[in-house]
Amino acid sequence: MIGTLLTSFLALIISVPFSFSIAVYLGEYQPTGWLSNLLKNIVEIIAAVPSVIYGFWGLIVLVPMVQALEIKFGVLPYGIGIFTASLILALMIIPYGASLGREMMRMVPAHLKEAAYSLGATRFEVIKNVVIPYTKSGLFAGVLLSLGRALGETMAVTMVIGNANMMPTSIFGPGNTMASVIANEFTEADHTLYLSALIELGLFLFLVTVVINMIGKSIIKKFTNE
């Protein structure tokens with residue numbers, strides 16, 4: 001559970017600035033044009049790439065880069081581990097928040113923005129004081145969607161997290177998530193108790209996802225009522 005929450009929330013922290021930046025750029029600064037279409041296509045392609053491809057890319061490209069970073073920080077250069085898995089997850093969930101955020105920003109009524117511009121507001125002030133307050137529930141929904149995607153990701157995480165059944169002591173060390181344990185060990189479950197433990201782990205992952213979604217929906221409801 002600790003590994004699951006660490007990788008998911010660390011990936012969320014990394015991805016949110018990029019998702020928000022892409023959403024603002026495509027929704028407000030460059031809604032049309034060849035560059036906008038190119039970025040939209042890139043975001044859609046990133047969302048459509050199978051997770052096993054991300055895992056292979058992580059092993060070949062990202063792990064050596066993380067090892068070099070770990071050497072500079074003076075930690076054991078595993079390369080694989082929670083931090084690497086979080087980077088892979090962050091890349092995978094960026095399109096979800098970016099796409100939903102862009103669509104929400106395009107739904108802001110034009111007369112609200114025009115009124116702000118007529119009062120002398122700059123584009124930054126319009127985004128800060130009009131667009132974001134109007135779309136905050138939708139933006140949070142995009143964050144929640146990204147988190148749900150990160151919690152359940154299996155293959156890419158399994159390939160780069162290290163698969164060590166121990167309590168994580170550092171984000172640079174190897175670890176495990178509930179999904180990666182099920183993927184790695186389900187075919188090895190040779191007796192009833194082993195199989196039951198893995199099924200219970202799957203149930204626990206489901207309950208964690210439900211609880212986080214309930215909390216998120218209550219926050220969205222609070223945003224909507226404000």
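Summarised in this report is the structure supplied together with it. Bear in mind that the values here come from a model prediction, so they are computed numbers and not experimental data. Residue numbers here run from 1 along each chain, matching the order of that chain's written sequence. The predicted origin of the model limits local features to residues at a pLDDT of at least 70 and limits the giving and counting of side-chain atom pairs to 80 or more, whereas totals for whole chains, interfaces and linings rest on all residues. Derived side-chain values reflect all non-hydrogen atoms in the structure, with water molecules and hydrogen atoms excluded from consideration.

### Description of a nonpolar patch on the surface
Alright, step 1. Together, Met1, Ile2, Leu6, Met167, Ile171, Leu203, Phe204, Phe206, Leu207, Val210 and Met214 make up a nonpolar patch on the protein surface, roughly 990 Å² of accessible area in all.
Alright, step 2. Only α1 (2-29) and α9 (192-225) provide two or more residues apiece to the nonpolar patch.
Alright, step 3. When residues in the nonpolar patch are grouped by element, the largest group, six residues, is from α9.
Alright, step 4. Secondary structure elements follow DSSP: runs of H or I of four or more residues count as helices, runs of E of two or more count as strands, with numbering from the N terminus. Note on placement: leucine 203 falls in helix α9.
Alright, step 5. With relative accessibility at 48%, the residue leucine 203 sits in the partly exposed group. Residues with no salt bridge and a relative accessible area higher than 30% make up the patches, which join like charges within 9 Å and nonpolar side chains (Val, Leu, Ile, Met, Phe, Trp, Tyr) within 5 Å. Using a 1.4 Å probe, accessible areas were evaluated by the Shrake-Rupley method; residue-level cover was limited to the displayed protein chains. Salt bridges are counted wherever a side-chain nitrogen of Lys or Arg sits within 4 Å of a carboxyl oxygen of Asp or Glu. Residue burial is assigned from relative accessible area. The probe radius is 1.4 Å, only protein chains are included, and a residue is buried under 20% of its type maximum, exposed over 50%, and partly exposed in between.

### Quick look at the packing of α1 against helix α2 (residues 34-48)
Any two packed helices are characterised by the angle at which their axes cross and by the distance between the axes.
Alright, step 1. Where α1 meets α2, the axes come as close as 10 Å, and the angle between the chain directions of the two elements is 145°. Considering only the axes of α1 and α2, their crossing is left-handed. Across the interface between the two elements, Ile22, Tyr25 and Leu26 of α1 pack against Leu35, Ser36, Leu39, Lys40 and Val43 of α2.
Alright, step 2. When residue character is reported, Ala, Val, Leu, Ile, Met, Phe, Trp, Tyr, Cys and Pro are called nonpolar, Asp, Glu, Lys and Arg charged, and the others, Gly included, polar. Residues belonging to the contact of α1 with α2 are distributed by class as follows: six nonpolar, one polar and one charged. The axes are straight lines fitted to the C-alpha atoms, using for helices just the contacting stretch, and the angles between their N-to-C directions are given from 0 to 180°. Crossing handedness is defined as follows: a turn of the near helix away from the far one that is anticlockwise and smaller than a right angle gives a left-handed crossing, while the clockwise case is right-handed. Between two residues, a contact is recorded if the distance between any of their heavy atoms is within 4.5 Å.

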